[in-house]
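# Understanding the architecture of this molecule
One-letter residues, chain by chain:
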Amino acid sequence: MKASDAVAKILADNNVLYGFELIGGMITHLVDSINLLGKTKLVSMHHEQGAAFAASAVSRVTHHKTLGLALATSGPGATNLITGIADCWLDSHPCIFLTGQVNTHELKGKRDIRQQGFQELDSVALVTSITKYAYQIKSADELVPCLRKAIQIAKEGRPGPVLLDIPMDIQRADIDEALLNNPMTPEPKVQRPSIAMSDLDFIINKLQNAKKPLLLIGGGAVNSSGFQKWLEQIELRGIPYVASLKGAEKIKASDLYLGMLGAYGTRAANHAVQNCDLLLVLGSRMDVRQTGAQPEDFARNAEIIQIDLQEGQLNNRVIADFSYQIELSEYFSRFSPLQIPVNNDWSVWTALLKEKFRVTFIDEYTTWNLSPFGLFTQLNKLTERVALDYILDVGNNQMWAAHTLRLNAQQAMHHSGGLGSMGFAIPAAIGACYAGKKPIIVITGDGGAQLNIQELDIIARDKLPILTIVMNNHSLGMVRGFQEMYFEGRNSSTYWNGYTSQFKKIGEAYRVESKTIISMQAFSSALESFLESPRPLLLEVSMSDARECRPRLEYGRAIDQQSPRHDG
């Protein structure tokens, strides 16, 4: 059988249901075979970076049950994938990337030249540091076992991206169909770290005896099997919790959930961290946006217990009192919060935190024409019982949303977290919409939207139920805010005297129904229209006076000293 047909079959057999590509000469055999088999839906994008972000969203919205796939031709196609590959790597999402390559006889090999074949480039060398496995196929017989190996590696342990570089002549080669029936040679079993029963008992005892316990939930926790059931038991026990940016993606609103912590987090979450006496950290690396620039002052009154899969993440920026290397799925399966006897001191602690949240989770933008807090509060209200996902871009718009959005059990939000890549949201929404099979609301800014705005064409072409909200403050607002704080207001490269693109007209040019929003009433009306009839829709929210996040953490301050200073 043709080798590219075998690739299509293996992808289908491994539940790779959605792929994204920008066609090029060196992947034509792969694209043709996948489309002929018809088991993996291929979506043609307008940029390979968009294809990579869309593929990552498939893994994100399915809790890694379905692997995303992106394909690109050799040379510039492969280099355009790199940002999306890095995004998967840093946020630990499993994805398969397939790049085409020139014929094997056209490869430069060890010749002292830069290039032999047209668009030849060593894709494997470029991505080795941001993939779990990257390999250039050397012969047709290698293709099937290497693809199977790549899929296995992407999913096991800490998930992440893999890449295979497949020369053109190998794609079209004949291979023995029996290769598909050969069992995969199992990879040597990696001994996974476990946790002793005595250590579990120790953690239970620590929680039981704490007067002010708090959980910090990271992205490594929320994507682990068993998390949601475990969190329900935490609710029954009455232990309050906060989340990192990535942890907040899949946590529903609750009286015990104080929101995202850190530089742009809620005041209540930061207060809780700084005043708890025991902090249990689950799958969070506690980066500088969470802790502020003074990690030694983070959770200043608490003993810290940290649990993470990766040893290097333990005792890194923040030194824990007790640390355990273990897969969170094992921890959730072996440790039921219902084992913890109730401590009567907790009710006083949680009551104080709930009141802190009530008095500080307020609109701090009342002098602006349109308040970000007001916009996202209205989103919370109108979507309270609606199944949908939010896809966030990067910038002020992302932090406004992450601070204020409160999810229901049928919702999630998705961020480019570790990489923080502007241009993520619009293409990621396409992958999320296909794989999640529910409407999507994109939150982006006038800066981030421009980076992959061409993918609006795909939303319109495929009539996807995606609402794109462009929060247009006529500037690159987050960096402009830094410039105003630290560079005496010199705003080069972030502000052009009020100039901005006309996103309503751009949306219409891509045949997306588009509106300009200048009032809360108009915003509510447009949102209700989308919820009644989900469809391609773009809202350009005009908010030229919106130039900062409130609250925010200035460099050098502790996380409970956000600006503007607040007495609540």
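Residues numbered from 1 in each chain as written. Predicted model: local features only at pLDDT ≥ 70, side-chain atom pairs only at ≥ 80, totals over all residues. Heavy atoms only, no water.

Per an unreviewed UniProt entry, the protein chain is named Acetolactate synthase II, large subunit, and its organism is Pseudomonas fluorescens. Taken verbatim from the UniProt record of the protein chain, the Sequence similarities (unreviewed entry) comment is "Belongs to the TPP enzyme family." (UniProt positions renumbered as here; feature names shortened; annotations may be inferred.)

## Regarding the UniProt feature "domain: Thiamine pyrophosphate enzyme N-terminal TPP-binding" (unreviewed entry) in the protein chain
In this numbering, the UniProt entry assigns the feature "domain: Thiamine pyrophosphate enzyme N-terminal TPP-binding" (unreviewed entry) to residues 1–125. In residues 1–125, helix accounts for 43% and strand for 17%; the two terminal C-alpha atoms are 30 Å from one another. (Helix = DSSP H or I, 4+ residues; strand = E, 2+ residues; numbered from the N terminus.)

## Some thoughts on the packing of aromatic side chains
Given two aromatic rings, one states the distance between the centres and the angle between the planes to describe the pair. In the structure shown here, the tally under the stated rule is 15 aromatic pairs. With 4.8 Å between their ring centres and 70° between their planes, Phe202 and Phe322 make a pair best called edge-to-face. Of this pair, Phe202 sits in helix α8 (residues 197–209) while Phe322 is found in strand β12 (residues 322–325), placing the two residues 120 residues apart along the sequence. Phe202 gets classed as partly exposed once you look at its relative accessible area, which sits at 29%. On the basis of relative accessibility, which here comes to 24%, the residue Phe322 falls in the partly exposed class. An aromatic cluster is present here, built from Phe227, Trp230, Tyr331, Phe332 and Phe335 joined pairwise through their rings. Here Lys138 stacks its cationic end above the ring of Tyr135, 4.6 Å away from the centre of that ring. A cation over a ring is seen here: Arg480 above Tyr495, with NZ or CZ 3.9 Å from the ring centre. (Phe/Tyr/Trp six-rings, centres within 6.5 Å; stacked < 30°, edge-to-face > 60°. Buried < 20%, exposed > 50% of the residue type's maximum accessible area, 1.4 Å probe, protein only. Lys NZ or Arg CZ within 6 Å of the ring centre and 35° of its normal.)

## Describing the domain arrangement of the protein chain
Annotation of the protein chain at the domain level lists domain 1 (3–181), domain 2 (197–360) and domain 3 (372–553). Using only C-alpha atoms to locate each centre, domain 2 and domain 3 end up separated by 30 Å. Across the boundary between the two partners, domain 2 contributes 22 residues, which contact 20 residues of domain 3. Summing both sides of the interface, domain 2 and domain 3 together bury roughly 1,700 Å²; the carbon and sulfur share of this comes to 62%. Considering only the side of domain 2, the residues that lose the most area to domain 3 are Leu245, Glu249 and Tyr264, jointly responsible for 37% of the buried surface there. For the pair domain 2 and domain 3, the number of links is zero salt bridges. (Domains from an automatic or database assignment. Contact = heavy atoms within 4.5 Å. Buried area = accessible area lost by both parts, 1.4 Å probe. Salt bridge = Lys/Arg side-chain N within 4 Å of Asp/Glu carboxyl O.)

## Re the nonpolar core
Within the largest apolar cluster, 97 residues are counted, with the highest numbers of intra-cluster contacts made by Leu279, Phe298, Tyr331 and Ile441. The greatest single-element share of this core, amounting to five residues, is contributed by strand β10 (residues 278–282). Mapped onto the domain boundaries, this core takes at least three residues apiece from domain 2 (197–360) and domain 3 (372–553). What Phe298 contacts, discounting residues up to four positions off in sequence, is Leu216, Leu261, Val273, Gln274, Leu279, Met286, Gln290, Thr291, Ile304, Val318 and Ile559. Counting 49 residues, the second largest nonpolar core, distinct from the first, contains Phe53, Val61, Ala429 and Ile430. (Core = buried A, V, L, I, M, F, W, Y, C linked by side-chain atoms within 4.5 Å.)

## Describing the UniProt feature "binding site: thiamine diphosphate" (unreviewed entry) in the protein chain
Under the present numbering, the feature "binding site: thiamine diphosphate" (unreviewed entry) in UniProt falls on Asn396, Asn397, Gly420, Met422, Gly447, Gly448, Asn473, Gly477 and Met478. On the secondary structure map, Asn396 appears in helix α16 (residues 396–404). Not counting the four nearest positions on each side in its chain, Asn396 is found in contact with Asn473, Gly477, Met478, Arg547, Glu548 and Cys549. Mapped onto the elements of the fold, Met478 is located in helix α20 (residues 477–486). Among the residues examined, Met478 registers a relative accessible area of 13% and is labelled buried.

## Some words on the sheet that holds strand β11 (residues 303–308)
With parallel pairing, six strands are arranged side by side in an open sheet as β9-β8-β7-β10-β11-β12. The strands lining the two open edges of the sheet, one partner per strand, are β9 (257–260) and β12. Strand-to-strand twist across the sheet, computed as the mean angle between neighbouring axes with direction ignored, equals 15°. Of the strand pairs in this sheet, strand β8 (residues 241–243) and β9 are connected by two bridges, and their pairing is parallel. Residue pairing for β9: Tyr241 is matched across the bridge by Tyr257. On top of the sheet, helix α10 (residues 227–237) reaches β7 (213–217), β8 and β10; it is set at about 160° to β7, its chief contact. (Pairing = 2+ DSSP bridges. Axes fitted to C-alpha atoms, helices over the stretch in contact; angles between N-to-C directions.)

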